[in-house]
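# Commentary on secondary and tertiary structure
This is what each chain is made of:
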Amino acid sequence: MRIWQFWWNSLFLSTQYDPPRFVEIIMLLLAIALLGLWGITERWPYLGLSLSYVVCSSVSVIVRESMTPSTYPRLTQVVAFLLLIISIYSFAKLIYQT
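Residues numbered from 1 in each chain as written. Predicted model: local features only at pLDDT ≥ 70, side-chain atom pairs only at ≥ 80, totals over all residues. Heavy atoms only, no water.

## As for the packing of helix α3 (residues 44-67) against helix α4 (residues 73-97)
What counts is decided by this rule: Between N-to-C directions, angles span 0 to 180 degrees; the directions come from axes that are lines fitted to C-alpha atoms, helices contributing only their stretch in contact. What counts as a helix is a DSSP run of H or I of at least four residues, what counts as a strand is a run of E of at least two, and both are numbered from the N terminus. Note on angle classes: values under 35 degrees are labelled roughly parallel, values over 145 roughly antiparallel, values of 65 to 115 roughly perpendicular, and the remainder oblique. Each crossing gets its hand from how the near helix is turned against the far one by less than a right angle, where anticlockwise is left-handed and clockwise is right-handed. The classification used treats Ala, Val, Leu, Ile, Met, Phe, Trp, Tyr, Cys and Pro as nonpolar, Asp, Glu, Lys and Arg as charged, and all other residues, Gly among them, as polar.
Packing of α3 against α4 leaves a shortest axis separation of 9 Å and a crossing angle of 150°. By the angle between their directions, the pair α3 and α4 is classed as roughly antiparallel. α4 is crossed by α3, and the crossing has left-handed handedness. Looking at the contact of α3 with α4 residue by residue, the classes come out as 16 nonpolar, 8 polar and 1 charged.

Okay, here's the thing in structure tokens:
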């Protein structure tokens, strides 16, 4: 019971301390879950929704880092740009396949 209380308090504090980062993490976790579903079912709507979550999260990271830099702004921006490029390429490939 004590461990759940610790996790709940940590989650609650992270949502209050930095809400945009929390939303980005939730979007990336949903993208990972949907990508796993796509791997199991091979249905393209799961892949499309997963890629849209990645695009939105990457854009959010880039905008947030340009407004208020963190301790590792360069690394964060590079990873966000790579995710953005990969997901846009995958979107294009998905559109031309169907």
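## Digging into the environment of F91
Looking at the element boundaries, F91 is found in helix α4. Separated by 27 residues in sequence, F91 and R64 have C-alpha atoms that sit 24 Å apart.

## A short note on the nonpolar core
Under the convention used in this document: Among the buried residues, those of types Ala, Val, Leu, Ile, Met, Phe, Trp, Tyr and Cys that are joined through side-chain atoms within 4.5 Å form a nonpolar core. Per-residue accessibility, obtained with a 1.4 Å probe over protein chains only, is compared with the maximum for each type, and a residue is labelled buried under 20%, exposed over 50%, and partly exposed between these values. Between two residues, a contact is recorded if the distance between any of their heavy atoms is within 4.5 Å.
If you look at the biggest cluster of nonpolar residues, it comprises 5 residues: V55, V61, I62, A80 and L84. Listing elements by their share of this core, those giving two or more residues are α3 and α4. Among the elements that line this core, the one with the most residues is α3, at 3 residues. Those residues in contact with V55, other than ones at most four positions away along the chain, are L84, S87, I88 and F91.

## Thoughts on the UniProt feature "transmembrane region" (unreviewed entry) in the chain
So the rule is basically this: UniProt positions are given in the numbering used here, feature names are shortened, and annotations may be inferred rather than shown by experiment.
The positions UniProt marks with the feature "transmembrane region" (unreviewed entry) are residues 21-40, 46-63 and 75-96. A helix fraction of 100% and a strand fraction of 0% characterise residues 46-63, whose end C-alpha atoms lie 26 Å from each other.

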